[in-house]
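Fold and geometry: a report
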Amino acid sequence: MREYLLYIKTGAEKMLSAQAYVTPCFAVDQSFWQEREGCQLHVIGKSPSLALAFSLREIVNARLEEKYGTSHPMSEEGLAELRELAVQQVRETAVLYGRDMAGVEPSRPEWFTWETGDWSVTVCPEMGVDDGQKLKLRLATATIQKVLDGRALLWEEAETLLLKKEAPIHDLTAVLQRLVLSERAQWRPGIRFAIKKSWWKHRLEMSCERCGSRAKEIEYTVCHSCGQGCAYCTVCLGMGRSKCCTPYLLVPATRETAVSVKREAGRKAARLHWSGSFSRDQAVAAEQARRYVANQRPGLSQFLIWAVCGAGKTELLFPSIEEELSSGGRVLIATPRKDVVLELAPRLQRVFPDARVIAVHGSSLEKWEEADITIATTHQVMRYYQRFTLVVLDEVDAFPYHNNPMLERAVARAVWPEGKLLFLSATPPQYLQKRLVSKRKEKLFWRRALLPLLRSSTHVLLPGRYHGYALPVPRIETVPGLHKRMRENRPISSLLGMVRSTLAEERQLFLFVPRIDDVERVLSYLTAFFPEMASQMAGVHAADPQRDEKVRFFREKRYRLMVTTTILERGVTIPRSDVVVIGAEAPVFDEASLVQIAGRVGRSSDDPTGVVLFLQAERASSPKAAVGQIRRMNQLSKLQGSQEERA
């Protein structure tokens, strides 16, 4: 069981540029300060709870600043006062923790162990240190820092990675503490807590350092590891247990590993082998994004590529990726869904054949590998810290990233301090438009409307598809009693007519439903009216164990009709296909979702048109808003074309 010691470092004469530190290996701290300056270390106390030690460190540092500032000597009475302050805080923390645990665990006299220290150590250059041990520790530190470069990992994950890379870990605690003291790494408790004081009552406020979750998402427990009052996060539990006593390690990438050393290899990895070509509008958008990536001017840290469904968003990234790799940088493409990760990885490997491309998701075997281009689900991005010089966030408006502070935080932390964050979306959320998109008044038919500019220093807008045809505009139909009619197998003429015409024209059909339970219900309904087509119909949802196989069969035209939840609203291209949304009034079908669903149609230049039908049981705002957005993009595309012709 590890113990964490809290101490104060002061100058040789106890002059207060004093600061409190937490260490699991006090001998390392003594050696470290000995190498750098003569000083005194005053032990306050120690505990097996890392969260408790960190909480006390903040309290002690606040008291030092408040009472002593930076110019007054600290007396023995002052040290005794700080030690007593720590004891009082431990008692209050235990009381508040016990109150929160009431009814969960039997009452205990002590929830936390705290052993008070009342001794000091003077360290100075004259103290003898074993040079051989010092050299060995430095070599191990350099090796381990290189392996953990740009990672954010729980202690157990760090050990797993180091074992996989055959790095030395017998002095891991000492090595990591040396990295922390030299400000080349941080470690924090997986769950941090602090006493929140108010006039009404004091309470213990917990938060997860990895995902940022608070309060209801934190589960209290008595830990078998530390034997203390403890807690763990339930939100990110699938990625390992983040606890009060588990160190969470943050090791930022150094400039050498992020850029300089890889520059020559990067030029080779950047070789782009792509036989395609851009349309005029695509070329402008791709060049605008590339210039953003190449621009070293401070302040341009974020950029938005706003390109409608079917505009060729992935291809627009090629010049930006090439630019970043050629300068020796690392590229991360974060996307909300595993399906998209698995689709993008081979595509990018084909066009960048000399680059190392890996796909990182929950069951990936490549999550610990090094790469030039990393394609990861947004949840897996939580394992990176200041690692990538270019981060591309694909489908910023999609679940689970949209409106998820945990994943927003993870993506922001993955960017190297001087790196770039590039957003890619067909339906960017309003907060992103407000931040990055400039607008102006344009004459639209008989009135003047506020329309987004096509490009600025922070965004580029591509309102038309690569083949030049307009986006298919959905038809909205309200069918009273829609769901009851379906349960009773009563004919719904618009739906049955759509299925009949699509199949007769040798096309394929997506049928989107709001809930998993609706998949089998709709399949049963259609089978009753088209029994001869039963073998060519299938249904799929996120929990379906045959999900990947069914989607593959649909791509291969073995299935003509696919009933699906929103899992296929993005990243899937099926030529010669039409779309029906059944229950378009459901909350899951918001404006962005319906625009994306409509975007499944007419994506191919061989078949740029198609039919989109929104069936709703009652009037709803989202279908109407989606149709309005599609029409605005078509009008803006037409306006763009006429402006370019005049130019």
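Here the structure is shown first, and the text comes after it.
The present account deals with the structure reproduced in this document. (Residues numbered from 1 in each chain as written. Predicted model: local features only at pLDDT ≥ 70, side-chain atom pairs only at ≥ 80, totals over all residues. Heavy atoms only, no water.)

1. Examining the overall build of the protein
Let me state the cut-off plainly: A run of H or I in DSSP becomes a helix once it reaches four residues, and a run of E becomes a strand once it reaches two; helices and strands are each numbered from the N terminus. For the exposure calls, accessible area comes from a 1.4 Å probe over protein chains only, and a residue counts as buried if that area is under 20% of its type's maximum, exposed if over 50%, partly exposed in between. Contact criterion: two residues are considered in contact whenever any of their non-hydrogen atoms come within 4.5 Å of each other. The accessible surface values rely on the Shrake-Rupley method and a 1.4 Å probe; as for residues, cover is taken only from the protein chains in view.
The secondary structure content of the protein amounts to 20 helices and 27 strands. Across the 647 residues of the protein, 56% fall into the buried class. Counting only contacts in the protein whose residues sit at least 6 apart along the sequence, the fraction spanning at least 24 positions is 73%. For the protein, the exposed area adds up to about 28700 Å²; of that, 50% sits on carbon and sulfur atoms.

2. Considerations on the environment of Gly539
Structurally, Gly539 is set in strand S24 (residues 537-540). Classification of Gly539 by relative accessible area gives buried; the value is 4%. Separated by 25 residues in sequence, Gly539 and Thr564 place their C-alpha atoms 5.7 Å apart.

3. Topic: the pairing of strand S2 (residues 19-23)
Note the following rule: Paired strands, in this sense, are two strands between which DSSP finds at least two bridges.
S2 sits mainly inside the fold: 4 of its 5 residues count as buried. Of the pairings in the sheet, the one linking strand S1 (residues 4-11) to S2 comprises 5 bridges and is antiparallel in character. Directly across from Tyr7, in S2, lies its bridge partner Tyr21.

4. With respect to the sheet that holds strand S25 (residues 561-564)
How we decide: Axis definition: a line fit to C-alpha positions, over the contact stretch in the case of helices; interaxial angles, taken between N-to-C directions, run 0 to 180 degrees.
One open sheet accounts for 6 strands, arranged S22-S27-S26-S23-S25-S24; its pairing is parallel. Either end of the sheet is taken by a strand with one partner, and the two such strands are strand S22 (475-478) and S24. The mean angle between the axes of side-by-side strands here comes to 20°, regardless of whether they run parallel or antiparallel. Relative to strand S26 (residues 577-582), helix H16 (residues 493-504) is tilted by about 165°, and along the sheet it contacts S22, strand S23 (508-512), S25, S26 and strand S27 (612-616).

5. A closer look at the nonpolar core
Spelled out, the test is: Here, nonpolar core means buried Ala, Val, Leu, Ile, Met, Phe, Trp, Tyr and Cys residues that are tied together by side-chain atoms lying within 4.5 Å of each other.
Counting 93 residues, the largest nonpolar core has Ile305, Ile373 and Leu422 as its most contacted members. Sequence-distant contacts of Leu422, that is, excluding residues within four places in its chain, are made with Ala289, Tyr292, Val293, Phe303, Ile305, Leu317, Ser320, Leu390, Val391, Val392 and Leu393. Residues Ala86, Tyr220, Cys230 and Met239 belong to the second largest nonpolar core, which totals 50 residues.

6. Section: the environment of Arg138
Relative to the assigned elements, Arg138 resides in helix H4 (residues 131-148). Residues Arg138 and Arg178 lie 40 residues apart in sequence; the distance between their C-alpha atoms is 8.7 Å. The contact partners of Arg138, leaving out residues within four places of it in the chain, are Glu35 and Arg178.

7. A word on the pattern of salt bridges
Formally: The rule for a salt bridge is simple: a side-chain nitrogen of Lys or Arg has to be within 4 Å of a carboxyl oxygen of Asp or Glu.
A complete count under the given rule lists 31 salt bridges for this structure. One salt bridge in this structure joins Arg151 and Glu370, with 3.8 Å as the shortest N-O distance. With a gap of 219 residues between them, Arg151 in strand S6 (residues 151-154) and Glu370 in the loop between strand S15 (357-360) and strand S16 (373-377) connect regions that are remote in the sequence. Relative accessible area serves as the criterion here: at 1%, Arg151 is assigned to the buried category. The class for Glu370 is partly exposed, based on a relative accessible area of 34%.

8. Thoughts on helix H12 (residues 338-351)
The condition is simple: The length a helix should cover is 1.5 Å for every residue beyond the first.
Over its 14 residues, H12 extends 21 Å from the first C-alpha to the last, a length consistent with the 20 Å expected when each residue adds 1.5 Å. Taken together, the buried positions of H12 are Val340, Val341, Leu344, Ala345, Leu348 and Val351. Structurally, H12 contributes buried residues whose contacts are with helix H10 (313-316), helix H11 (318-326), strand S14 (331-335), S15, S16 and strand S17 (388-394).

9. Here's the deal with the side chain of Thr246
Along the chain, the position of Thr246 falls in the loop between strand S11 (229-233) and strand S12 (247-251). Looking at Thr246, the relative accessible area reads 4%, which means it is buried. With sequence-adjacent residues up to four places away left out, Thr246 is seen in contact with Leu50, Leu154, Trp155, Glu156, Arg188, Pro189, Gly190 and Arg241.

10. Remarks on the packing of aromatic side chains
Put simply, the rule is: Two aromatic rings, drawn from Phe, Tyr or Trp (for Trp, its six-membered ring), form a pair once their centres lie within 6.5 Å of each other, and the interplanar angle then sorts them: stacked below 30 degrees, edge-to-face above 60, tilted otherwise.
In the structure shown here, the tally under the stated rule is 18 aromatic pairs. Taking 5.3 Å as the distance between ring centres and 80° as the angle between the ring planes, the aromatic pair formed by Trp274 and Phe318 counts as edge-to-face. Placement of Trp274 in the loop between helix H8 (263-269) and helix H9 (280-294) and of Phe318 in helix H11 is noted, with a sequence separation of 44 residues between them. Look at Trp274 and you get partly exposed, because its relative accessible area is 28%. For the pair Tyr525 and Phe529, a centre-to-centre distance of 5.0 Å together with 50° between the ring planes defines the contact as tilted. With Tyr525 and Phe529 both in helix H17 (residues 516-529) and 4 residues apart, this pair spans about one turn of that helix.

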